[in-house]
Amino acid sequence: MRRSKLIPEVNAGSMADIAFLLLIFFLVTATISSDEGINRLLPKECPPGTICDAKIAERNMLRILINNEDEIMVENNIITISELKEITKSFLDNNGDGTCHYCNGVKNPKASDNPEKAVVSLQNGKQTSYKQFVAVQNELTKAYYELRNAYSMHVLKKPSDKLTKEELKQVKDAYPFILSEAETK
């Protein structure tokens, strides 16, 4: 009696198909997280022969601090994130005599000399969360956007999305985004 030894085999022909279907399944069902980031340009190098470390008048500096508990302090007063945009706008929007451009003549003695001279100084603690840092950056960006849009509507009589390149430069020159991110102490 002769016995043949049959070895069971697995049909490997369909294994590639199964692996391919699993790969497609995981690609389709997986969520791809979108990273949050801050769109900023780094300052250009100081041209030779130019004084780039000039002193900034105290009046033209808005100091914002995010501490390790994610609390926001503006000029040593704790505020909420919802207050930051209006405080920033009020500080920036000044035409040199304490009168803001679009505030119906209301005087603000704590405002900067001029939007072109105003500097927003942002400092954060070592334990500040990235979420809070981005939220503060977003509020600062909103403040500048609203001021620039108001300028565009009142001076150029156009919405900001209908401006030419020259007009857009004029708006950005009227309200330059000057943000100083100070080192954590």
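A brief structural summary. Residue numbers run consecutively from 1 along every chain, following the written order of its sequence. It should be noted that, the model being predicted, local features are given only for residues of pLDDT at least 70 and side-chain atom pairs only at 80 or more, the latter also being counted only at that level, while totals for whole chains, interfaces and linings use all residues. Side-chain figures throughout are based on the complete set of non-hydrogen atoms in the structure, without hydrogens or water.

## Some points on the pairing of strand 1 (residues 61-66)
Step number 1: The sheet contact formed by strand 1 and strand 4 (residues 119-124) spans six bridges and is parallel. Considered in strand 4, the bridge of Leu 62 is made with Val 120.
Step number 2: DSSP calls a pair of strands paired once it identifies at least 2 bridges connecting them. Each helix is a run of H or I in the DSSP string that is no shorter than four residues. Each strand is a run of E no shorter than two, and both are numbered from the N terminus. Hairpin geometry of strand 1 and strand 2 (residues 72-74) is characterised by an intervening segment of five residues between the two adjacent antiparallel strands and by a positive phi of about 65° at Asp 70.

## What about the packing of helix 3 (residues 130-156) against helix 4 (residues 165-174)?
Step number 1: In this analysis an axis means a line fitted to C-alpha atoms, helices contributing only their contacting stretch, and an angle means the value between N-to-C directions, from 0 to 180 degrees. It is at 10 Å that the axes of helix 3 and helix 4 come closest, and there the two elements cross at 120°. Considered as vectors, helix 3 and helix 4 are oriented oblique to each other. Read as a crossing pair, helix 3 and helix 4 show a hand that is right-handed. Contact residues: helix 3 offers Arg 148, Tyr 151, Ser 152, Val 155 and Leu 156, while helix 4 offers Glu 167, Gln 170, Val 171, Lys 172 and Ala 174.
Step number 2: Its residues assigned to classes, the contact of helix 3 with helix 4 shows five nonpolar, two polar and three charged. Here the word oblique covers every angle except those under 35 degrees (roughly parallel), over 145 (roughly antiparallel) and from 65 to 115 (roughly perpendicular). The crossing is said to be left-handed when, going from far helix to near helix, the turn is anticlockwise and less than a right angle, and right-handed when the turn is clockwise. In this analysis, two residues are considered to be in contact whenever any of their non-hydrogen atoms come within 4.5 Å of each other. When residue character is reported, Ala, Val, Leu, Ile, Met, Phe, Trp, Tyr, Cys and Pro are called nonpolar, Asp, Glu, Lys and Arg charged, and the others, Gly included, polar.

## Overview of helix 4
Step number 1: When a residue's accessible area, from a 1.4 Å probe over protein chains only, is under 20% of the maximum for its type it is buried; when over 50% it is exposed; and in between it is partly exposed. Of all the residues in helix 4, the buried ones are Glu 167, Val 171 and Ala 174. Across the axial projection of helix 4, the buried residues extend over an arc of 65°, all falling on one side. Facing away from the buried side of helix 4 by more than 90 degrees, the exposed set consists of Lys 165, Glu 166 and Lys 169.
Step number 2: Turning to helix 4, the residues buried within the fold contact helix 3. The arc in question is traced by the directions running from the helix axis to the C-beta atoms.

None of the figures reported here should be taken as evidence of function without further support.
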